[in-house]
Amino acid sequence: MKKLSLAILLLLTPVLAQAWPWSQDMANQISTKPQESPDPANPGMTSFPARSVPVPGTMVNVKDAVAAEKLKNPVPADEKSIAKGGQLFAIYCVPCHGKLGKGDGYVGQKFIVQPNDLTAEGTRKQTDGYIWGHITFGGPIMPIYGNDMNPTERWHVVNYVRNVVQKAQPFAPEAKK
Ligand code: HEC
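Residues numbered from 1 in each chain as written. Predicted model: local features only at pLDDT ≥ 70, side-chain atom pairs only at ≥ 80, totals over all residues. Heavy atoms only, no water.

Caption draft 1: Quick look at the overall build of the protein chain. Counting its regular elements, the protein chain contains 7 helices and 0 strands. The secondary structure elements of the protein chain, listed N-terminal to C-terminal, are α-α-α-α-α-α-α. Per-residue burial for the protein chain yields a buried fraction of 27% across its 177 residues. Intrachain contacts of the protein chain at a sequence separation of at least 6 include 54% that bridge at least 24 residues. (Helix = DSSP H or I, 4+ residues; strand = E, 2+ residues; numbered from the N terminus. Buried < 20%, exposed > 50% of the residue type's maximum accessible area, 1.4 Å probe, protein only. Contact = heavy atoms within 4.5 Å.)

Structure below.
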């Protein structure tokens, strides 16, 4: 009996010591690893292909709306940005905030707590980061739109709110390319 259990124990022991830890066998094979030079004469890490690393990207890792308030708007409010923001505003904001941002959109009217009038002094006084944060994280009632637009697109919307909605210019969703 003792001999038998010893034999079983031996069978179960991972005797192939070189293979230990066996869970990494697949990784530790002769193959080119990510970012490793494929040229044996020039070992080491290869440089990243152009445009594969988003170095000058916009700020994305913001914890919450409070942290977003302090963000500086990195997107210049030029004609192109405002036009793009206008298109996105028409899609994502008009249903609740209305064409002129007065908070009187058809969907918004059904709310018990009405959407804000974005042209009101209270919202005018807020920072660009506050509006960006409200789009990104939503409000107590307003849904989150951070997943529908990338960070730069959200700044375009901010630029549109600032330069068209809050300056009470006529609504212009047609973007100039
Ligand atoms: C489904 C309806 C709905 C949509 C769509 C919507 N909002 Fe709102 N929004 C609200 C409501 C309701 C409030 C007030 C309560 C709250 O903050 O949640 C609000 C509040 C805000 C505020 C806060 C204003 C302040 O002074 O505190 C901002 C800024 C804002 N919305 C911007 C936007 C922008 C920009 C879009 C488009 C990307 C948008 N909202 C889309 C319903 C909506």
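Caption draft 2: Up close: a nonpolar patch on the surface. A cluster of nonpolar side chains, contributed by Leu-4, Ile-8, Leu-11 and Leu-12, occupies part of the molecular surface with about 480 Å² of accessible area. Within the secondary structure, Leu-11 is located in helix H1 (residues 2–12). (Patch = residues over 30% accessible without salt bridge, like charges linked within 9 Å, V, L, I, M, F, W, Y side chains within 5 Å. Areas by Shrake-Rupley, 256 points an atom, 1.4 Å probe, with all protein chains shown as cover. Salt bridge = Lys/Arg side-chain N within 4 Å of Asp/Glu carboxyl O.)

Caption draft 3: Here's a closer look at the pattern of salt bridges. One pass over the full model with this rule turns up 3 salt bridges. Among the salt bridges present, the one from Lys-63 reaches Asp-64, with a minimum N-O distance of 4.0 Å. The exposure class of Lys-63 is exposed, given its relative accessible area of 72%. On the accessibility criterion, Asp-64 (28% relative accessible area) is partly exposed.

Caption draft 4: Here's a closer look at the coordination of the iron atom of the ligand. Looking at the iron atom of the ligand, the protein donor atoms are His-97 (NE2) and Met-142 (SD), and they sit 2.0 to 2.1 Å from it. Every donor counted, the 6 donor atoms about the iron atom of the ligand form angles of 87 to 179° at the centre, which fits octahedral coordination. In this pair, His-97 sits in helix H4 (residues 94–97) while Met-142 sits in the loop between helix H6 (128–137) and helix H7 (151–165), placing the two residues 45 residues apart along the sequence. By relative accessible area, which is 23% here, Met-142 ends up partly exposed. (Donors = N, O, S within 2.8 Å, 3.2 Å for Na, K, Ca; no water. Tetrahedral: all angles 85-135°; square planar, octahedral: opposite > 155°, others 65-115°.)

Caption draft 5: Molecular detail of the nonpolar core. Counting residues in each nonpolar core, the largest one holds 22 residues, and the members touching the most others are Phe-89, Trp-132, Ile-135 and Val-157. If you list the elements that add at least two residues to this core, you get helix H3 (79–92), H6 and H7. The leading source of residues in this core is H7, at 7 residues. (Core = buried A, V, L, I, M, F, W, Y, C linked by side-chain atoms within 4.5 Å.)

Caption draft 6: Spotlight on the packing of H3 against H7. Two numbers describe how H3 lies on H7: the axes approach to 7 Å, and their chain directions differ by 95°. Between H3 and H7, the angle is such that the two are roughly perpendicular. Residues Ser-81, Ile-82, Lys-84, Gly-85, Gly-86, Leu-88 and Phe-89 of H3 touch H7, and the partners they reach there are Glu-153, His-156, Val-157, Asn-159, Tyr-160, Val-161, Asn-163, Val-164 and Val-165. Classifying every residue of the contact of H3 with H7 gives 8 nonpolar, 6 polar and 2 charged. (Axes fitted to C-alpha atoms, helices over the stretch in contact; angles between N-to-C directions. Parallel < 35°, antiparallel > 145°, perpendicular 65-115°, else oblique. Nonpolar A, V, L, I, M, F, W, Y, C, P; charged D, E, K, R; others polar.)

Caption draft 7: Main features of the site of the ligand. Around the ligand, 21 residues are found, and the nearest of them are Cys-93, Cys-96, His-97, Tyr-130 and Met-142. Taking His-134, its side chain carries an N or O atom lying 2.8 Å from an oxygen atom of the ligand. A distance of 3.2 Å is found between an oxygen atom of the ligand and a backbone nitrogen or oxygen belonging to Pro-140. Only H4 and H6 provide two or more residues apiece to the shell around the ligand. When residues in the shell around the ligand are grouped by element, the largest group, 3 residues, is from H6. (Near = heavy atom within 4 Å. Polar contact = N/O pair within 3.5 Å; in protein donor to acceptor, adjacent residues only side chain to side chain.)

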